[in-house]
Amino acid sequence: MAVFRHSAESLVQLVSESVPERVLSEVIAENMRATQGINPGKSERRSWDRSIPILARDLMEAGLGGVEMLIEYQLPLTSKRADVILAGRDRRTGADSYLIVELKQWSQAELYEDDAEMVLVSGMGPRPKLHPVVQVRGYCEYLADFVGALDQHHNAVRGVAYLHNASDPDIHDLYDHVEDERTRLFSKTRRGQFVDYLKAQFAPEPGAAAADRLLSSSIRPSKQLLKVAAGEIKNRDQFVLLAEQRLAYEMVLHAVEKARANNSKQVVIITGGPGSGKSVIALSLLGELSGRGYSALHATGSRSFTETMRRVVAKGSTRLKGMFKYFNNFMTANPNDVDVLICDEAHRIRETSANRFTRSDQRTGRPQLDELINAARVPVFLLDEHQVVRPGEMGRVADITTYAESLGLAVHQVDLDAQFRCGGSRKYEEWVLRLLGLDGDSPEVWKGDDHFAVSLTESPYELEATLRARLQAGYSARMTAGFCWPWSAPNGDDSLVADVRIGDWARPWNVKGDRAVGNAPASALWASAAGGFEQVGCVYTAQGFEYDWNGVIFGPDLVYRDGKLVTVRSASKDPALMRRGGSDEQADRLIRNTYKVLLTRGMMGTAVYSVDRATQEFLSGLLESQA
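Residues numbered from 1 in each chain as written. Predicted model: local features only at pLDDT ≥ 70, side-chain atom pairs only at ≥ 80, totals over all residues. Heavy atoms only, no water.

Looking at the sheet that holds strand E6 (residues 115-121)
Reading across from one edge, E5-E6-E7 is the order of the 3 strands in this open sheet, with antiparallel pairing throughout. Among the strands making up the open sheet, the edge pair consists of strand E5 (109-112) and strand E7 (129-130). Sheet topology note: the E6/E7 ladder contains 2 bridges and is antiparallel. Its bridge partner lying in E7, Met-118 is registered against Leu-130. Helix H8 (residues 243-262) contacts E5, E6 and E7 of the sheet and is inclined by roughly 110 degrees relative to E6. (Pairing = 2+ DSSP bridges. Helix = DSSP H or I, 4+ residues; strand = E, 2+ residues; numbered from the N terminus. Contact = heavy atoms within 4.5 Å. Axes fitted to C-alpha atoms, helices over the stretch in contact; angles between N-to-C directions.)

This is how it looks when you write it as C-alpha cells:
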C-alpha cells in the first residue's frame, strides 16, 4: 500500500530544513498524486503544514522520535483517509501498536442542537460536522475489521481526536462523547496530557517494522451487503459507518427525533456514487429505528433488490419481510402512516406508480414522489443520479427538493464523497465517467491504481476464463453485458436459452423470474447465490449489487466511431428503449448510464471486452499501460 511515511524525528528534520509553509505540503501532495491519483486542495495542504509538524514535535517531546507516522493513510477498500496513523511497539507488551490521530484545526465547536453525534464548528457555516471522536472511533473499528494483521488483535488499534488549536472552554461539550480509553479527545489545553498519553502507548523504539506489517498485511474480503444483511436488522454493528456515512445516519436520526418532538415533517436526501455506502446506511437505519420503537419501512423501485432483502435479510421472518416494500406500494397510504420511509435506490422513482395492472380507479396521475413523501413523517431518499437507466425514472435531487419545498417541507442533504466499491478507487470511477462521456471530459488512458485492477480481454472466452479463475480462487465474480440480445423464456425442459451470442460463444441471460431454473438462481439472487456465474447479468439484475471481480461485455449499442463513443439505440434489445417514445438524447443518456452501472459493480477489479472491433481497439489504447 502506497502511503507517505516518516518517523517523527525525520519529519521534524525535514520541516526544520525546509520552508514548512511550502515544502511539507508539496511533498505529501506529490506522493498522493503519484500513488493515489488524488490532487489535494489548498485547504488540505494548509492543514498538513500546520498540524503534522505539531504532532511530530509532540512525539519528539515524548521521546518517541522513532515512531512511524503514516500520513493520509487510505483505509482499505474505501477512499477515506485517516489523517495520521502512528505505528510503533506497545510500551507494556512489546507487540505492534497503532494509534489513529484525527487532526482538527478547529478553535471552537459545540454540540449540534444537543445531539452528541454531531457538532457545529465556528466559522464553518450552519451545517453540522461529525463529532471527531465518533469519526476516529469508526476508523479504528473499520481498520480492525479489514486488516488481516489485526484479526486477533483489535485492541492494538486506538484513536484520538487532537484539536490542537482549541482550549478546553471552547470545546467543553465535546468531551461528553469520550466514553472509553480506546478513543480519546485532546485539546491545546491538554497538550501535556497528550504527550503523557503517547508515552504510555508506545515504547521508545523504531516503529518502521510495525508500519511495514500494517502496510503489507492482507486485506480480508469486504463484508458484502448480502452476506451479512441477515443479521443487520438485529445487529447493526456488523457494518461500521465512516465519516459522511455516519453523518448521514445521524442526520436522519436527528430529523426523526425533531419531527416527533415538533410534530413536523422533514425530508432527507443522501447522494453518492456506486459503493459509497447508501444501502449500508439504509439497513443500519432500519435496524436502529426499529430498535428505538419507530415504525420504519425500506422501499426500492428494484424488484431484484427488494426480493433479495426479503429473502436474505428477513429470511424466516414474515414480519421482517413486510418491512421491505416497493415504491408503488404507497398509492393509498394515509399521510404519515409510518414514522420513516427509507427510499433506497431512489433514482428508480417513476413519474407515477400506475402500471398495466393498476385498477382504473387508482390511475389518478398522482406523482409517485408525492405518494412517498406523503406516506412518512420523515421520508429518506438515497440515490445516484448516474444510475437512471430507464425512461420515466425521475429520482433526481432537483426533482425531490423542488417538490418537497413546494409543500413547505425542510430538506436536508448529505453528499457521500467516499468510494467503497471499486476498491475504494475514486480514480477508477472518474475514469469510467470520462470514458462514457458523463462528466464532460474526454476519455483518458488508464494509468493504474494499487487499489483496483482494470484489464481488457481479447474474447468472451478469455473474459469468462479470467473471471472463473477468480471464482475458483475463492472470490466472488460475475459477468454482465449491455442489453443487446433478446431475453427468452426458459425452454420446456427447464433450461435457459443461450441468448447472448458472440461468434461461437453463447451463454444465457440470468433467470427472468422469481424461481430457480435448473441450477440457475432466481433473478433476485443472481448476484449472490451459487450458480449465478453461469449466466450473464443485465443491468436490471446487477444494479444495487456487488462482487469482487466484475466482467463487462460492451454490446453494439455503445461503439467507437469518428473519434468518440456513440450510442446506437437500434442495437438495444431493452424493451424500454425499443418502444416508440422518448427522445434519442434520452436514450443516449440511459445507455451510457447502463454501462456506468455495469462497470462499477466490482470491489477488486473489472475486465472488459467489446463485440465491436473498432471499440475493442479504442479500449486497447486506453488500457495499453496494463498490457
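Observations concerning the pairing of strand E4 (residues 96-104)
Within E4, 9 of the 9 residues are buried, which leaves it mostly tucked inside the rest of the structure. Neither face of E4 is left uncovered, since the one carrying Asp-96, Tyr-98, Ile-100, Glu-102 and Lys-104 and the one carrying Ser-97, Leu-99, Val-101 and Leu-103 both have all their residues buried. When strand E3 (residues 81-89) meets E4, the two strands line up antiparallel, connected through 6 bridges. Residue pairing in the sheet places Val-84 in a bridge with Val-101 of E4. Taken together, E3 and the strand that follows it, E4, pair antiparallel across an intervening segment of 6 residues, in which Gly-94 is found at a positive phi of about 80 degrees. (Buried < 20%, exposed > 50% of the residue type's maximum accessible area, 1.4 Å probe, protein only.)

Section: the pattern of salt bridges
Under the criterion given, the structure shown has 30 salt bridges. Its salt-bridge partner being Asp-90, residue Arg-92 comes within 3.5 Å of it at the nearest N-O pair. For Asp-90, a relative accessible area of 9% translates into the label buried. The shortest N-O distance in the salt bridge between Glu-288 and Arg-292 comes to 2.7 Å. Residue Arg-292 is classed as partly exposed on the basis of its relative accessible area of 39%. Here the salt bridges do not stand alone but share partners, grouping Glu-464, Arg-468, Arg-507 and Glu-534 into one network. (Salt bridge = Lys/Arg side-chain N within 4 Å of Asp/Glu carboxyl O.)

A look at the nonpolar core
Within the largest apolar cluster, 114 residues are counted, with the highest numbers of intra-cluster contacts made by Leu-341, Phe-381 and Leu-435. Excluding residues within four positions of it along the chain, Leu-435 makes contact with Pro-443, Phe-554, Leu-565, Leu-599, Phe-618, Leu-619 and Leu-622. (Core = buried A, V, L, I, M, F, W, Y, C linked by side-chain atoms within 4.5 Å.)

Topic: the packing of aromatic side chains
Between two aromatic rings, the relevant description is the distance of the centres plus the angle of the planes. Within this structure, the stated rule accounts for 15 aromatic pairs. Between Phe-483 and Trp-487, the aromatic rings sit 5.9 Å apart at their centres with planes inclined by 75 degrees, giving edge-to-face as the arrangement. Taken together, the aromatic side chains of Phe-483, Trp-485, Trp-487, Trp-509 and Tyr-540 make up a single cluster linked through ring pairs. When the ring centre of Trp-549 is taken as reference, the NZ or CZ atom of Arg-470 above it lies at 3.7 Å. Sitting over the face of the ring of Trp-526, Arg-478 holds its NZ or CZ atom 5.9 Å from the ring centroid. (Phe/Tyr/Trp six-rings, centres within 6.5 Å; stacked < 30°, edge-to-face > 60°. Lys NZ or Arg CZ within 6 Å of the ring centre and 35° of its normal.)

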